[in-house]
Amino acid sequence: MSPNNIASNMDRMILQFSLFYSNNCYYICMNYLSVTINKLSQKQNIFLTGGAGVGKTTITREVIEHFENEAKKVAKLASTGMAATLIGGQTLHSFLDLGISSDIEELEKNGKYEIKKKIKKLIASMHLIVIDEISMVSDTLFEMISLRLKQADFNGSLLVVGDFLQLPPVVRGYDEVKFAFESEAWESFAFEKEELTHIYRTDDVAFIELLHSVRFGRVDERVHNSLNEYIKPLPNDLSKFTFLFGKNISAQQHNKRQLAFIENELFVKEAQIIKHLKSAKDTEVERFMNDARIDKNLELKVGSPVLFTRNSWNYFNGERAEVVNIDASNVFVQKSDGKVVKLEAVAQSKAMWKEKTLNGKKEMVEEEIFSVYQFPIKLAFAITIHKSQGMSIEDLIIETNEIFAPSQFYVALSRSSNPNNLNLIAPQKQWYDLAYVNAKAMAFVNETDEK
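One structure accompanies this document, and this report is about it. Not measured: the values here are computed from a predicted model.

Looking at the overall build of the chain
- Each helix and strand counted, the chain has 16 helices and 20 strands in total.
- Relative to the globule expectation of 22 Å for 451 residues, the C-alpha radius of gyration of the chain, 22 Å, shows essentially globular dimensions.
- Taking the principal axes of the C-alpha coordinates as reference, the chain spans close to 65 × 55 × 50 Å.
- Here the chain holds 451 residues, and 53% of them are scored as buried.

See below:
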């Protein structure tokens, strides 16, 4: 492709990205996007980081789109199924054929150490490998990633995305948490760090400063008093707010109770599943639906509040609306600005890479295994912190007594797009016990900031 075409493509993407944020009345410098694309094109590995709400996911999607528009192959990966569905990809274990192994020793025990020919060919065919939510990748998983890339003679570029001051890797029992950057392999990739710093989720300066303090676990008297200001009497009508819980069962029960208060007829919208390959298993579909936040049976009533679960030209992920009409094929919802949006069931698909013969030549192509059709909304009475990933929620109540992991309070707090409508349930612990950060993650972030 000629330099003029590359520039034209870049201009289009910058305009598209700017328009995405102009809906929220914000301006954005798109230098990050062009710099990231140029460096990755030159085989420079990138570590894209920054706090919540700074545009990491949006830039990642734009980078992926750029490479795919150039007919280049991109592996979109994450350690968890939910994180993978957010970028339309698959888990690291699935793509790299790691089975259930958690480290190289288990890989050997499970007979998975030697790379299969088809996996080697698959990895080698990629121009770009994207790993999202890198904070949730353990040191041992990162060692296995490095092993597979070496075994496959991978010659493309690697983009890892995430914030080590957010959710850490899941560990077994009381095992010590160890991050990807603790792996000996981390340094070998010579990542260039790009940090996004401007928060687009809110323009409340005082709240942005509070988020910064909580992200770094700094709770002094000022932060303590600021957090206390958000402890308010609960409103009489809880349906106007979204509760953020740490536990699935709490969110489910709250949604069920609040929906029962609405006296209108109950409609149940069943997800439609289309299997493109006969080999697709029901268990795989169910796991995908859970990861992608798709309700198998979406219960709705006229008058029930909902949250959009994806971005579109006329709504955004986490935006609130109210159901105003339901028919056989559509759900009509009204947003806070009075505009009514007609929703149809939309498809979310799971794909896998397969070798196929195209024009007499064998190539790796992504092939859809199955598609799930459902309306892109969830009941807005409650959602878990984990499933609120990527959302910007305007009217929010956080159940602070269900905070149980490092940086989880920061993740919850940073969902708020309107601090004036933020309520915190009074915690039974001190604020500094909630706003705690893994010491190793803190040291790594501070060290890379100094470089």
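Re the packing of aromatic side chains
- On inspection of all chains with the given rule, the structure shows 20 aromatic pairs.
- An angle of 15° between the planes, with centres 5.5 Å apart, marks the rings of F243 and F245 as stacked.
- A residue is classified by how much of its surface remains accessible, and F243, at 6% relative accessible area, is buried.
- Among the aromatic side chains, those forming a connected cluster through ring pairs are F47, F142, F164, F179, F181, W186, F189, F191 and F444.

So, the sheet that holds strand β13 (residues 331–335)
- Ordered by their spatial adjacency, five strands build an open sheet running β14-β13-β12-β11-β17, and the pairing between neighbours is antiparallel. Two strands bound the open sheet, and with one partner strand each, they are β14 (340–343) and β17 (377–379). Here the average twist between neighbouring strands, direction ignored, is 40°.
- Across five bridges, strand β12 (residues 320–326) lies against β13 in antiparallel orientation. Across the sheet, the residue bridging to V323 is V333, located in β13.

Focus on the packing of helix α10 (residues 205–215) against helix α11 (residues 221–228)
- Packing of α10 against α11 leaves a shortest axis separation of 11 Å and a crossing angle of 120°. Where α10 crosses over α11, the two elements pack in a sense that is left-handed. Across the interface between the two elements, L210, S213 and V214 of α10 pack against R222, V223, S226 and L227 of α11.
- Across the contact of α10 with α11, the residue classes tally to four nonpolar, two polar and one charged.

Quick word on the sheet that holds strand β15 (residues 346–358)
- Pairing within the open sheet is antiparallel, and its three strands lie in the order β9-β16-β15. The outermost strands of the open sheet, each flanked by one partner alone, are β9 (272–275) and β15. Sheet twist, expressed as the average angle between the axes of neighbouring strands with direction ignored, equals 20°.
- In this sheet, strand β16 (residues 361–374) lies alongside β9 in antiparallel orientation, the contact comprising four bridges. In the sheet register, K275 faces β16, and the bridge partner there is F370.

Thresholds applied
Residues numbered from 1 in each chain as written. Predicted model: local features only at pLDDT ≥ 70, side-chain atom pairs only at ≥ 80, totals over all residues. Heavy atoms only, no water. Helix = DSSP H or I, 4+ residues; strand = E, 2+ residues; numbered from the N terminus. Rg over C-alpha atoms; globule rule 2.2 N^0.38 Å. Buried < 20%, exposed > 50% of the residue type's maximum accessible area, 1.4 Å probe, protein only. Phe/Tyr/Trp six-rings, centres within 6.5 Å; stacked < 30°, edge-to-face > 60°. Pairing = 2+ DSSP bridges. Axes fitted to C-alpha atoms, helices over the stretch in contact; angles between N-to-C directions. Left-handed = near helix turned anticlockwise from the far one by under 90°. Contact = heavy atoms within 4.5 Å. Nonpolar A, V, L, I, M, F, W, Y, C, P; charged D, E, K, R; others polar.

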